[in-house]
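Okay, here's what each chain looks like letter by letter:
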Amino acid sequence: RYEPTWGSLDARPLPAWFDEAKFGVFIHWGVFSVPSFGSEWFWWYWQKEKREPYVKFMEANYPPGFSYEDFGPLFTAEFFDPNQWADILKASGAKYVVLTSKHHEGFTLWGSKYSWNWNAVDVGPKRDLVAELAASVRNRTDLRFGLYHSLFEWFNRLFLEDATNAFKTRKFPTSKSLPELYEIVTKYQPEIIWSDGDGNAPDTYWNSTGFLAWLYNDSPVRDTVVTNDRWGAGSICTHGGFYTCSDRYNPGHLLPRKWENCMTIDRSSWGYRRDARLGDYLAIEDLVKQLAETVSCGGNLLMNIGPTHDGRIAVVFEERLRQVGAWLKVNGEAIYGTKPWRAQNDTGTPGVWYTFSPKEGKVNAIFLNWPVSGTLELGEPRAKLGETQVKLAGYKELLKWVALGEKGMIIALPRLTPQQLPCQWGWTLQLTDIN
């Protein structure tokens, strides 16, 4: 059994499924999806920081005295079709999904007993959005279902009171935050608890170790659940299950502990933005690059989309997810279930990232640029004459190659028209019998 100490909790082996999954989809959805302007931090930027664009936006579009709470009933979700969402998630090739059950605004997407009249069952959609998506994902896909939960809430009176007392009092975690965590685990049995938002309070204030000990010992998901590292000030990148370290974390080198790169397709925001331009969205080439870099360095990629207040996954997000799925159909063997190789990227040729498939004993070289010369030089692999074989994922015939002394090889790529290429954005060479 795990003790409620970081020493004991950090020693828990991460359930194997998480490292094998490699790719998940993050969904930021909440009342912030109603103004859908600027950022999911809309309430904070408007009311607390009084940033000019937010103040002007409200003055121009809403009557005087309109409060953030007034957005609640406008969060309607009338087009939310959880089956359609599940089908898009499945098509993306993702192996898990993480939904924001509650962001820093405190609005819960389920009918929480601890969030009176500020939840999706009492206000707005009048539906349990967490339950509906969980059911569809589990009925229609093999994705693992996870939930994001914010520890703190910007404007909760109990939290602000505790903060004024330098967190010597613990009214907010005992009456709100912790009961919610126990509630979502018991009710929905998520296999990822993605914690966030410590409000500058230490993990002792949140009783994070007490909750995690229960989660790992006695909860209904104790054998399969994974958690991240955001459990109080100072715990990030130090304690917990897998490390996130920061948003959009992509170190570019191998880390000793399992980590995750959580990032957004919209460069500027996690929530939906009506004011986004096409150039604000990462192109599929960018996403494939992020995936290859992240996985080669031992990480998972958690790619975020922000649905609209009425429950639609915007067409641009759907297209990106389906494109990633199409790429993974061809190159998935170089991603799923792989381990980092001795080299993460190629020393000689930029834009080449390596992974290793332990079952097949294959080295995968994912290259992001198709060379004009038709030959690709790799500086890392040590090839063996008469033994090493080179295959292009999605192409039937073996490729010809020559060794470059002790280390390195030149590979002749097939001459293909754009229509004949196995995929459009990044390709995989599979090398067998490499020293």
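Residues numbered from 1 in each chain as written. Predicted model: local features only at pLDDT ≥ 70, side-chain atom pairs only at ≥ 80, totals over all residues. Heavy atoms only, no water.

**As for the state of the cysteines**
This is how the line gets drawn: Any pair of cysteine sulfurs within 2.5 Å is marked as a disulfide.
Per the stated rule, a full pass over the model turns up one disulfide. Cys297 forms no disulfide, and the closest cysteine sulfur to it belongs to Cys245, at a distance of 13 Å.

**Here we look at the pattern of salt bridges**
What counts is decided by this rule: A pair is scored as a salt bridge if a Lys or Arg side-chain nitrogen falls within 4 Å of a carboxyl oxygen belonging to Asp or Glu. For helices the rule is a DSSP run of H or I covering at least 4 residues; for strands it is a run of E covering at least 2, with both sets numbered from the N terminus onward. In this scheme, a residue with accessible area under 20% of its type's maximum is buried, one over 50% is exposed, and one in between is partly exposed, where area comes from a 1.4 Å probe on protein chains only.
Counted according to the given criterion, the structure contains 27 salt bridges. Asp280 serves as the salt-bridge partner of Arg273, at 2.9 Å between the closest nitrogen and oxygen. Of the charged contacts, one joins Lys289 and Glu293 as a salt bridge, the two residues approaching to 2.9 Å between their closest N and O atoms. One end of the pair, Lys289, and the other, Glu293, are both in helix α11 (residues 284-296), four residues apart, so they sit about a helical turn from each other. Look at Glu293 and you get buried, because its relative accessible area is 11%.

**Observations concerning the UniProt feature "domain: Glycoside hydrolase family 29 N-terminal" (unreviewed entry) in the chain**
Stated formally: UniProt positions are given in the numbering used here, feature names are shortened, and annotations may be inferred rather than shown by experiment.
Sequence positions flagged by UniProt for "domain: Glycoside hydrolase family 29 N-terminal" (unreviewed entry) are, in local numbering, residues 1-333. Span residues 1-333 is 36% helix and 12% strand, its end C-alpha atoms 36 Å apart.

**Details of the sheet that holds strand β8 (residues 352-357)**
Heads up, the rule is: Strand pairing is assigned whenever DSSP detects at least two bridges linking the two strands. Comment: axis = line fitted to C-alpha atoms, over the contacting stretch for helices; angle = value between 0 and 180 degrees taken between N-to-C directions. Contacts are assigned to residue pairs with any non-hydrogen atoms lying within 4.5 Å of each other.
Here four strands make up an open sheet; going across it, the order is β8-β9-β14-β11 and the pairing antiparallel. Pairing within the sheet leaves two strands with one partner each, and these edge strands are β8 and β11 (389-392). Across the sheet, the mean angle separating the axes of adjacent strands is 25° when strand polarity is ignored. Judged from the four bridges that link them, β11 and strand β14 (residues 427-432) form a sheet pairing that is antiparallel. When the bridges of β14 are listed, Lys391 appears paired with Gln430. Of the strands in this sheet, β8 and β9 (362-367) touch α11, which is tilted by about 50° from β8.

**Quick word on the UniProt feature "domain: Alpha-L-fucosidase C-terminal" (unreviewed entry) in the chain**
Mapped onto this structure's residue numbering, the UniProt feature "domain: Alpha-L-fucosidase C-terminal" (unreviewed entry) falls at residues 344-432. Along residues 344-432, the helical share is 0% and the strand share 37%, with 17 Å between the first and last C-alpha atoms.

**Some points on the side chain of Thr428**
What counts here: In protein, a polar contact requires one atom able to donate a hydrogen and another able to accept it; more generally it is a pair of N or O atoms within 3.5 Å, and residues adjacent in sequence count only if both atoms are side-chain atoms.
Within the secondary structure layout, Thr428 lies in strand β14. Owing to a relative accessible area of 1%, Thr428 belongs among the buried residues under this scheme. A distance of 2.8 Å separates a polar atom in the side chain of Thr428 from a polar atom in the side chain of Asn331. Beyond its immediate stretch of four places on either side in the chain, Thr428 contacts Asn331, Ala334, Asn364, Ala365, Ile366, Phe367, Lys391, Leu392 and Ala393.

**Here's the deal with the pairing of strand β1 (residues 23-27)**
Of all five residues that make up β1, five are buried, and the element is covered over most of its length. Neither face of β1 is left uncovered, since the one carrying Phe23, Val25 and Ile27 and the one carrying Gly24 and Phe26 both have all their residues buried. Pairing between β1 and strand β7 (residues 299-305): five bridges, direction parallel. Its bridge partner being in β7, Val25 is matched across the sheet by Met303. With four bridges joining them, β1 and strand β2 (residues 96-102) adopt parallel strand pairing.

**A closer look at the domain arrangement of the chain**
Interfaces are often sized by the amount of accessible area the parts lose when they come together. The condition that has to hold: Domain start and stop positions are those given by an automatic or database domain assignment. Residue polarity is assigned by list, with Asp, Glu, Lys and Arg as charged and Ala, Val, Leu, Ile, Met, Phe, Trp, Tyr, Cys and Pro as nonpolar; anything else, Gly included, falls into the polar class.
Domain assignment breaks the chain into domain 1 (6-334) and domain 2 (339-432). The partner domain 2 presents 20 residues to the 19 residues of domain 1 that form the contact. If you look at where domain 1 meets domain 2, you find two salt bridges. Between Asp19 and Lys339 there is a salt bridge whose closest N-O contact spans 2.8 Å. On the surface where domain 1 and domain 2 come into contact, there are eight residue pairs in polar contact (both at pLDDT 80 or more). Residue assignment for the side of domain 1 that touches domain 2 shows that the elements contributing at least two residues are α11 and α12 (315-331). The biggest single contributor to the side of domain 1 that touches domain 2 is α11, with eight residues. Among the residues making up the side of domain 1 that touches domain 2, the classes are represented as nine nonpolar, five polar and five charged.

**Some details on the pairing of strand β10 (residues 375-378)**
Residues of β10 alternate between two faces, with Leu376 and Leu378 buried on one and Thr375 and Glu377 left unburied on the opposite face. Of the pairings in the sheet, the one linking β10 to strand β13 (residues 409-412) comprises four bridges and is antiparallel in character. Looking across to β13, one finds that Glu377 is bridged to Ile410.

**Considering α11**
Test applied: Take the residue count of a helix, subtract one, and multiply by 1.5 Å to get its expected span.
Look at α11: 18 Å from first C-alpha to last across 13 residues, which is about the 18 Å you get at 1.5 Å a residue. Buried residues of α11: Ile284, Leu287, Val288, Leu291, Ala292, Glu293, Thr294, Val295 and Ser296, and no others. Packing partners of the buried residues in α11 comprise β1, β6 (259-264), β7, α12, β8 and β9. Taken from the residues just after α11, Gly298 is the one with a positive phi, measuring 90°.

**Brief notes about the sheet that holds β7**
Across the sheet, which stays open at both edges, the seven strands sit in the order β5-β4-β3-β2-β1-β7-β6 with parallel pairing between neighbours. Of all strands in the sheet, those bounded by a partner on one side alone are β5 (226-227) and β6. Of the strands in this sheet, β1 and β7 touch α12, which is tilted by about 150° from β7.

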